[in-house]
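# Residue-level structural notes
If you want the building blocks of each chain, they are given just below.
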Amino acid sequence: MRAPENIGLLLSLASARGVASANVALGPVELNSRSYSLLEQLAGTDGVSQRALADAIRLDPSQIVAMIDGLERRGLAERRPNPADRRQKSVVITGPGRTLFHRARALVESSVDEVLAGLDDLERETLRGLLQRIVRHDAARLENAS
């Protein structure tokens with residue numbers, strides 16, 4: 001069977017392959033690609049609102065609430081009062097969350113190596129750069145719409 005020509009379908013198929021591979025790799029640490037993505041976002045901040053997390057990983061805010069609840073139950077993240085606005089909560093990664101994130105990142109990187117096995121290093125860097133441009137453009141568009 002030949003690969004489709006449609007870029008949207010290709011992106012979807014490649015994403016599905018990456019998610020499936022990551023989910024298998026993350027099994028030993030009891031995470032999935034979504035919860036890992038949430039931990040990755042938290043690891044890069046000193047605290048962030050649930051809404052910002054939802055926007056960052058393109059999920060409905062109600063899904064984020066349930067995901068954060070799960071991370072909190074495991075002691076991997078916690079909600080704290082936002083110092084700038086006490087009516088809001090900031091979500092922060094905990095020490096155990098950061099430790100698990102680093103372990104999970106190694107698992108995900110191995111799964112990405114498997115998914116991208118057909119690409120050499122230069123092609124991987126080109127792909128990363130192109131995908132980053134798409135994501136940055138989309139984030140800027142959403143920010144300007146707010």
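Read on for a plain summary of the structure.

Procedures and definitions
- Residues numbered from 1 in each chain as written.
- Predicted model: local features only at pLDDT ≥ 70, side-chain atom pairs only at ≥ 80, totals over all residues.
- Heavy atoms only, no water.
- Core = buried A, V, L, I, M, F, W, Y, C linked by side-chain atoms within 4.5 Å.
- Buried < 20%, exposed > 50% of the residue type's maximum accessible area, 1.4 Å probe, protein only.
- Contact = heavy atoms within 4.5 Å.
- Salt bridge = Lys/Arg side-chain N within 4 Å of Asp/Glu carboxyl O.
- Helix = DSSP H or I, 4+ residues; strand = E, 2+ residues; numbered from the N terminus.

Membership of the largest hydrophobic core comes to 25 residues, with the highest contact counts inside it found for Leu26, Leu31, Leu38, Leu53 and Ile64. Those residues within four positions of Leu38 in sequence are excluded, and the remaining contacts are Leu53, Ile57, Ile64, Met67, Ile68 and Leu71.

Moving on, we get to the pattern of salt bridges. Enumeration according to the criterion identifies 8 salt bridges in this entry. Of the charged contacts in the structure, one is a salt bridge between Arg51 and Asp55, with a shortest N-O distance of 3.4 Å. In this pair, Arg51 and Asp55 are both assigned in helix α3 (residues 50–57), 4 residues apart and thus about one turn of the helix distant. A salt bridge links Glu125 to Arg128; the shortest N-O distance between them is 3.3 Å. Taken together, the residues span about one helical turn, with Glu125 and Arg128 both in helix α6 (residues 121–145) at a distance of 3 residues.

That's the geometry; what it means functionally is another story.
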